[in-house]
Amino acid sequence: MTIADFQKLMADLYLEHDTRRGLGGTFMWFMEEVGELSTALRSGTREEIENEFADAFAWLTTLANLAGIDADAAVTRKYGTGCPCCNTSPCSCVQKP
Ligand SMILES: [Zn+2]
């Protein structure tokens, strides 16, 4: 499944509900999921961490749907040729502490 496929799946599953909730309410749900990901990374099992990554990514993709952003195109445009700063992969930017 590509990012574009996943974004379409999220739209097919939830866009009607998400549209009613709106961008602001959906953003709060996304932030709650990010908090749950943080908790899982600190003390969760591998399965819990995977589930929270899936949820955070799903909500991020939902936000893209509501904002009218093609997430696949956006990440490809920004990162498709390497680091957006130095344009190499791996990044050769000077690491800052
Ligand atoms: Zn770089």
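Before reading further, recall that the structure is shown in the block above.
All of the points below concern the structure found in this document. In this text the structure is predicted, and so the values were computed from the model without any measurement.

1. Observations regarding the coordination of the zinc ion
Argument step 1. Looking at the metal site, the zinc ion is ligated by C83 (SG), C86 (SG), C91 (SG) and C93 (SG), spaced 2.2 to 2.4 Å from it.
Argument step 2. For the zinc ion, all donor residues lie on one chain, and their spacing in sequence is C-x2-C-x4-C-x1-C.
Argument step 3. C93 sits in the partly exposed class, given a relative accessible area of 27%.

2. Observations regarding the pattern of salt bridges
Argument step 1. In the structure shown here, the tally under the stated rule is four salt bridges.
Argument step 2. In this structure, the salt-bridge partner of K8 is D12, at a minimum N-O distance of 2.8 Å. Taken together, the residues K8 and D12, both in helix α1 (residues 3-43) and four residues apart, mark about one turn of the helix.
Argument step 3. Taking relative accessible area as the criterion, K8 reaches 52% and is therefore assigned exposed.
Argument step 4. Given the relative accessible area of 54%, D12 is considered exposed.

3. Comments concerning the packing of α1 against helix α3 (residues 71-79)
Argument step 1. Direction vectors running N to C along α1 and α3 enclose 150°, while the axes themselves pass 8 Å from each other. Judged by the inter-axis angle, α1 sits roughly antiparallel to α3. Residues I3, A4 and Q7 of α1 pack against A71, D72 and V75 of α3.
Argument step 2. Looking at the contact of α1 with α3, its residues break down into four nonpolar, one polar and one charged.

4. Focus on a nonpolar patch on the surface
Argument step 1. Nonpolar side chains collect at one region of the surface, where I3, F57, L60, V75 and Y79 lie side by side and expose about 430 Å² of accessible area between them.
Argument step 2. Of all the secondary structure elements, the ones that give two or more residues to the nonpolar patch are α2 (46-67) and α3.
Argument step 3. With respect to the secondary-structure elements, I3 resides in helix α1.
Argument step 4. Here I3 falls in the partly exposed class, since its relative accessible area comes to 30%.

5. Section: the packing of aromatic side chains
Argument step 1. Enumeration over the complete set of coordinates arrives at three aromatic pairs.
Argument step 2. Plain terms: the ring middles of W29 and W59 are 5.5 Å apart, the flat faces sit at 5° to each other, and that makes the pair stacked. You can see W29 sitting in helix α1 and its partner W59 sitting in helix α2, a full 30 residues away along the chain.

6. Details of the environment of L60
Argument step 1. Inspection of the secondary structure puts L60 in helix α2.
Argument step 2. Sequence separation between L60 and T26 is 34 residues; the distance between their C-alpha atoms is 9.2 Å.

7. A few points about α2
An α-helical turn contains 3.6 residues, so a residue and the one three or four places further along point in the same direction.
Argument step 1. Between its first and last C-alpha, α2 extends 32 Å over 22 residues, near the 32 Å set by a 1.5 Å rise per residue.
Argument step 2. For α2, the complete set of buried residues consists of I49, E52, A56, A58, W59, T61, T62, L63, A64 and N65.
Argument step 3. Contacts from the buried residues of α2 go to α1 and α3.
Argument step 4. Phi for G68, located one or two positions after α2, is positive at around 70°.

Thresholds applied
Residues numbered from 1 in each chain as written. Predicted model: local features only at pLDDT ≥ 70, side-chain atom pairs only at ≥ 80, totals over all residues. Heavy atoms only, no water. Donors = N, O, S within 2.8 Å, 3.2 Å for Na, K, Ca; no water. Buried < 20%, exposed > 50% of the residue type's maximum accessible area, 1.4 Å probe, protein only. Salt bridge = Lys/Arg side-chain N within 4 Å of Asp/Glu carboxyl O. Helix = DSSP H or I, 4+ residues; strand = E, 2+ residues; numbered from the N terminus. Axes fitted to C-alpha atoms, helices over the stretch in contact; angles between N-to-C directions. Parallel < 35°, antiparallel > 145°, perpendicular 65-115°, else oblique. Contact = heavy atoms within 4.5 Å. Nonpolar A, V, L, I, M, F, W, Y, C, P; charged D, E, K, R; others polar. Patch = residues over 30% accessible without salt bridge, like charges linked within 9 Å, V, L, I, M, F, W, Y side chains within 5 Å. Areas by Shrake-Rupley, 256 points an atom, 1.4 Å probe, with all protein chains shown as cover. Phe/Tyr/Trp six-rings, centres within 6.5 Å; stacked < 30°, edge-to-face > 60°. Expected span 1.5 Å × (residues − 1).

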